[in-house]
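# Close look at the chain arrangement
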Amino acid sequence: KDKEEEIDLAYCQAWAMVHVLMSEPYRADFFKYIRFIRDPVYIREVGQKKAFALLCEHLRVSPEQLVEKFQQSIQ
């Protein structure tokens, strides 16, 4: 694949993931996650954890469950 195709694919995947996160049952917890990572009070905790793991914690799902939901959304 050329670079432009890779960029297009990454954009589509990112959009699909945001769509999942903005839909039920994740919407409210996703907004809580956004507020959490933007709050300077939690900067150390945010910096110590992997981003995807932290997101899954806030959504109260395992990484595998979120990946599965994402994959279902793009089929």
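Attention in this report is confined to the structure presented alongside it.

## Looking at the packing of aromatic side chains
- Here the structure, examined in full by the defined rule, presents 3 aromatic pairs.
- Relative to Tyr-33, the ring of Phe-30 lies with its centre 6.3 Å away and its plane at 20°, an arrangement referred to as stacked. Here Phe-30 and its partner Tyr-33 are both found in helix H2 (residues 27-38), 3 residues apart, which amounts to about one turn of the helix.
- Judged by its relative accessible area of 12%, Phe-30 falls in the buried class.
- A relative accessible area of 11% means that Tyr-33 is categorised as buried.
- When the ring of Phe-36 is compared with that of Tyr-42, the centres are 4.3 Å apart and the planes differ by 25°; the resulting orientation is stacked.
- Looking at Phe-36, the relative accessible area reads 12%, which means it is buried.
- One aromatic cluster in this structure is built from Phe-30, Phe-31 and Tyr-33.

## Re the side chain of Asp-29
- Structurally, the position occupied by Asp-29 is in helix H2.
- Look past the residues within four positions of Asp-29 in its chain and what remains in contact with it is His-58, Leu-59 and Arg-60.

## Here we look at the environment of Gln-48
- Within the secondary structure, Gln-48 sits in helix H3 (residues 43-48).
- Here Gln-48 falls in the exposed class, since its relative accessible area comes to 62%.
- Spatially, the C-alpha atom of Gln-48 lies 23 Å from that of Leu-21, the residues being 27 residues apart in sequence.

## Observations concerning helix H4 (residues 51-59)
- Taken together, the buried positions of H4 are Leu-54, Leu-55, Cys-56 and Leu-59.
- Following H4 by one or two positions, Arg-60 has its phi on the positive side, about 60°.

Conventions adopted
- Numbering of residues begins from 1 in every chain and follows the order in which that chain's sequence is written.
- Side-chain atom pairs in this predicted model are given and counted only at pLDDT of 80 or more, local residue features only at pLDDT of at least 70, and totals for whole chains, interfaces and linings cover all residues.
- Only heavy atoms go into the side-chain values, all of them from the structure, while hydrogens and water stay out.
- Any pair of Phe, Tyr and Trp rings, taking the six-membered ring for Trp, is counted once the centres come within 6.5 Å. Such a pair is stacked with planes under 30 degrees apart, edge-to-face with planes over 60 apart, and tilted for the rest.
- Each helix corresponds to a stretch of at least 4 residues labelled H or I by DSSP, and each strand to a stretch of at least 2 residues labelled E; elements are numbered beginning at the N terminus.
- Partly exposed describes any residue whose relative accessible area lies between the buried limit of under 20% and the exposed limit of over 50%, with all areas from a 1.4 Å probe on protein chains only and scaled to the type maximum.
- Between two residues, a contact is recorded if the distance between any of their heavy atoms is within 4.5 Å.

No statement about biological role is implied by the geometric values presented.
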